[in-house]
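Here is how the chains run, residue by residue.
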Amino acid sequence: MLWLRSAAFNAAFFGLTTLAALVSIPLLAFAPERVLWRFARGWGHAVIWLMRAIAGIRVRVSGAEHLPSGAGLVAAQHQSAFDTVVWLVLLDRPAIVLKQELLRIPIYGWFCRRLGMIAVDRLAGGGAIRALLRGADRAVAEGRPVVIFPEGTRTEPGTFLPFQPGVAALVRRMGGGVVPVATDSGLHWGRRAFHKHPGTISVLALPPIPAHEDRTRL
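Scoring rules and cut-offs
- Residue numbering note: each chain is counted from 1, following its sequence as written.
- For this predicted model, a pLDDT threshold of at least 70 governs which residues receive local features, and a threshold of 80 or more governs which side-chain atom pairs are given and counted, while totals over whole chains, interfaces and linings are taken from all residues.
- Excluding hydrogens and water, the side-chain values take into account all heavy atoms of the structure.
- In summary, the pairing rule links any two rings of Phe, Tyr or Trp, Trp by its six-membered ring, whose centres are within 6.5 Å, and it sorts them by plane angle into stacked for under 30 degrees, edge-to-face for over 60 and tilted for everything else.
- Counting from the N terminus, the helices are the DSSP runs of H or I reaching at least four residues and the strands are the DSSP runs of E reaching at least two.
- Per-residue accessibility, obtained with a 1.4 Å probe over protein chains only, is compared with the maximum for each type, and a residue is labelled buried under 20%, exposed over 50%, and partly exposed between these values.
- With axes taken as lines fitted to C-alpha atoms, and helix axes fitted only over the stretch in contact, angles between N-to-C directions fall between 0 and 180 degrees.
- Under this scheme an angle from 65 to 115 degrees is roughly perpendicular, one under 35 degrees roughly parallel, and one over 145 degrees roughly antiparallel; angles in between are oblique.
- Should the near helix be turned anticlockwise from the far one by less than a right angle, the crossing is termed left-handed; should it be turned clockwise, right-handed.
- In this analysis, two residues are considered to be in contact whenever any of their non-hydrogen atoms come within 4.5 Å of each other.
- Note on residue categories: nonpolar means Ala, Val, Leu, Ile, Met, Phe, Trp, Tyr, Cys or Pro, charged means Asp, Glu, Lys or Arg, and polar means any other residue, Gly included.
- Between any two strands, pairing holds if DSSP finds at least two bridges.
- Residue-level confidence of the predictor is summarised by pLDDT, bounded by 0 at the bottom and 100 at the top.
- In protein, a polar contact requires one atom able to donate a hydrogen and another able to accept it; more generally it is a pair of N or O atoms within 3.5 Å, and residues adjacent in sequence count only if both atoms are side-chain atoms.

**A short note on the packing of aromatic side chains**
Alright, step 1. In this structure the tally under the stated criterion is 7 aromatic pairs.
Alright, step 2. Seen from their ring centres, Trp-3 and Phe-194 are 5.8 Å apart, and the 35° between their planes marks the pair as tilted. Residue Trp-3 is located in helix α1 (residues 2–30), and its partner Phe-194 is located in the loop between β6 (179–183) and β7 (199–205); the two are separated by 191 residues in the primary sequence.
Alright, step 3. Residues Phe-9 and Phe-13 carry aromatic rings whose centres are separated by 6.0 Å and whose planes lie at 15° to one another, so their mutual orientation is stacked. You can see Phe-9 and its partner Phe-13 sitting in helix α1, 4 residues apart, about one turn around the helix. Residues Phe-9 and Phe-13 agree in their burial class; the two are buried.
Alright, step 4. Taken together, the aromatic side chains of Phe-9, Phe-13, Phe-14, Trp-43 and Trp-189 make up a single cluster linked through ring pairs.

**Brief notes about the packing of helix α2 (residues 33–55) against helix α3 (residues 82–90)**
Alright, step 1. At a minimum axis separation of 8 Å, α2 and α3 run at an interaxial angle of 125°. Overall, the two elements α2 and α3 adopt an arrangement that is oblique. In this structure, α2 meets α3 at a crossing whose hand is left-handed. For the pair formed by α2 and α3, the contact residues are Trp-37, Ala-40, Arg-41, Trp-43, Gly-44, His-45, Val-47, Ile-48 and Met-51 on the first element and Phe-82, Val-85, Val-86, Leu-88 and Val-89 on the second.
Alright, step 2. Taken together, the residues of the contact of α2 with α3 sort by class into 11 nonpolar, 2 polar and 1 charged.

**With respect to the sheet that holds strand β2 (residues 72–76)**
Alright, step 1. Taken together, the 7 strands give an open sheet; going across it, the order is β1-β7-β6-β2-β5-β3-β4, and neighbouring strands pair in mixed fashion. Here the strands that pair on one side only, and so sit at the sheet edges, are β1 (57–62) and β4 (118–120). Taking the axes of each pair of neighbouring strands and ignoring which way they run, one obtains an average angle of 20° across the sheet.
Alright, step 2. Sheet strands in contact with α3 are β1, β2, β3 (95–99), β5 (145–148), β6 and β7, and its direction is about 60° off that of β7.

**Details of the pairing of β2**
Alright, step 1. Taken across its 5 residues, β2 has 5 buried, putting it largely inside the fold.
Alright, step 2. Alternating residues of β2 divide into Gly-72, Val-74 and Ala-76 and Leu-73 and Ala-75, and every residue in both groups is buried.
Alright, step 3. Taken together, the 4 bridges between β2 and β5 define a ladder with parallel strand orientation. Bridged to Ala-75 within β5 is Ile-148.

**A short note on the confidence of the model for the protein chain**
Alright, step 1. For the protein chain, mean pLDDT is 87; residues scoring 70 or higher make up 88% of the total.
Alright, step 2. For the protein chain, helix α6 (residues 166–174) is the element with the lowest average pLDDT, namely 78, and β1 is the one with the highest, namely 97.

**As for the environment of Thr-17**
Alright, step 1. One can find Thr-17 in helix α1.
Alright, step 2. Of note is the side chain of Thr-17, whose polar atom sits 2.8 Å from the backbone oxygen of Phe-13.

Here it is, written out as structure tokens:
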């Protein structure tokens, strides 16, 4: 039963995403940004609906009152592809920090550029931090929240990696503190895992940590 539900969800997810990508091609060429955001948000809602309807995975969000309604910084755990989908639904026009290689993916990369995501070359050293800060400056000027995954990559549940050096610089630059977010998404939608395990994914937003406090509290 688990195999069958997982296969059905994977087929539906990739089918939906492929269809959305094809439909989005003319939108990327002609549609204004607000239309692209509605499209991206609709895709995110559709994925979460498929998770519940087919894979039996529900989503519980706690502490949503701590999330920024405009410019602000969210530092979230990243265990699953779900963690990139959910922010399209929870926040208004989020500027998500992602690795530069993703911009090379046809259609997906074009969408990320049009929506003003913050791409960082992780091998560029100080140049990566400067690009991160420039992207954050643009997001703040537009009244958009910034979402960063501090460990820089997806991790297994219960595994913690050192934070990337740009995180502290970003917190100082934005100055308003950072909202830490914990999740257990990897227990249900594992990294590169075929099986999707029924249950409830918890997304917990904690009270903001002031910018002057030690980053080890994140």
